[in-house]
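# Structure assessment
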Amino acid sequence: LVIGPAAYTLLMDEQPGFARALLREFALRFEGNLRLLEAARHRSAAQRFALALAQLARERGQAAAAEGWQALAATQAELAALAHLSRQTVNQLLSAAVARGELRRGYGRLWLRTA
């Protein structure tokens with residue numbers, strides 16, 4: 001959504017709560033980025049992977065199915081970029097999660113166990 005300067009001024013001046021709602025949205029969006037930045041400096045690859053997966057689930061995850069799996073539209077390359085890991089490392093971590101029964105893989109899609 002693009003808000004021009006005139007509309008922005010009008011919303012800020014005349015709509016109570018607009019500024020607070022805007023800042024809340026920014027905070028929610030950047031919370032995951034801040035966690036990943038902190039993780040890139042101080043966390044292991046598995047921890048960074050888990051944080052990136054959790055962030056994608058919050059941002060793109062669909063409602064959990066009756067069988068206990070949440071669909072998530074994400075590729076291995078997107079996960080790697082978000083977690084600042086190589087695709088090979090992400091592939092290994094995905095395979096390990098599948099073996100533990102925490103994750104299912106599909107083309108351009110992952111399913112996370114919710115229960």
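Residues numbered from 1 in each chain as written. Predicted model: local features only at pLDDT ≥ 70, side-chain atom pairs only at ≥ 80, totals over all residues. Heavy atoms only, no water.

## As for the packing of helix H4 (residues 76-83) against helix H5 (residues 87-99)
Between H4 and H5, the shortest axis-to-axis distance is 9 Å and the interhelical angle comes to 110°. Judged by the angle between their axes, H4 and H5 are roughly perpendicular. The residues of H5 that touch H4, namely those facing Gln76, Ala77, Leu79 and Ala80, are Arg87, Val90, Asn91 and Leu94. In terms of residue class, the contact of H4 with H5 is built from five nonpolar, two polar and one charged. (Axes fitted to C-alpha atoms, helices over the stretch in contact; angles between N-to-C directions. Helix = DSSP H or I, 4+ residues; strand = E, 2+ residues; numbered from the N terminus. Parallel < 35°, antiparallel > 145°, perpendicular 65-115°, else oblique. Contact = heavy atoms within 4.5 Å. Nonpolar A, V, L, I, M, F, W, Y, C, P; charged D, E, K, R; others polar.)

## Examining the layout of surface pockets
Of the voids in this model, the largest pocket is the one considered here, and its volume is about 180 Å³. Lining the largest pocket are Ala46, Phe49, Ala50, Leu53, Leu93, Ala96, Ala97, Arg100, Glu102, Leu103 and Leu112. Going through the elements one at a time, helix H3 (45-60) and H5 are the ones with two or more residues in the lining of the largest pocket. Looking at the lining of the largest pocket, the element that brings in the most residues is H3, giving four residues. Of the residues that constitute the lining of the largest pocket, the class distribution is nine nonpolar, no polar and two charged. (1 Å grid on protein atoms, 1.4 Å probe; cavity = no way out; pocket = protein on both sides within 12 Å on 5 of 7 lines; lining within 4 Å. Points joined across faces, edges and corners; volume = space filled by probe spheres on them.)

## Some thoughts on the confidence of the model for the protein chain
Within the protein chain, residue pLDDT values average 86, and 94% of them lie at 70 or more. Of all the helices and strands in the protein chain, helix H2 (residues 18-42) carries the lowest mean pLDDT, 80, while H5 carries the highest, 95. (pLDDT = per-residue confidence, 0-100.)

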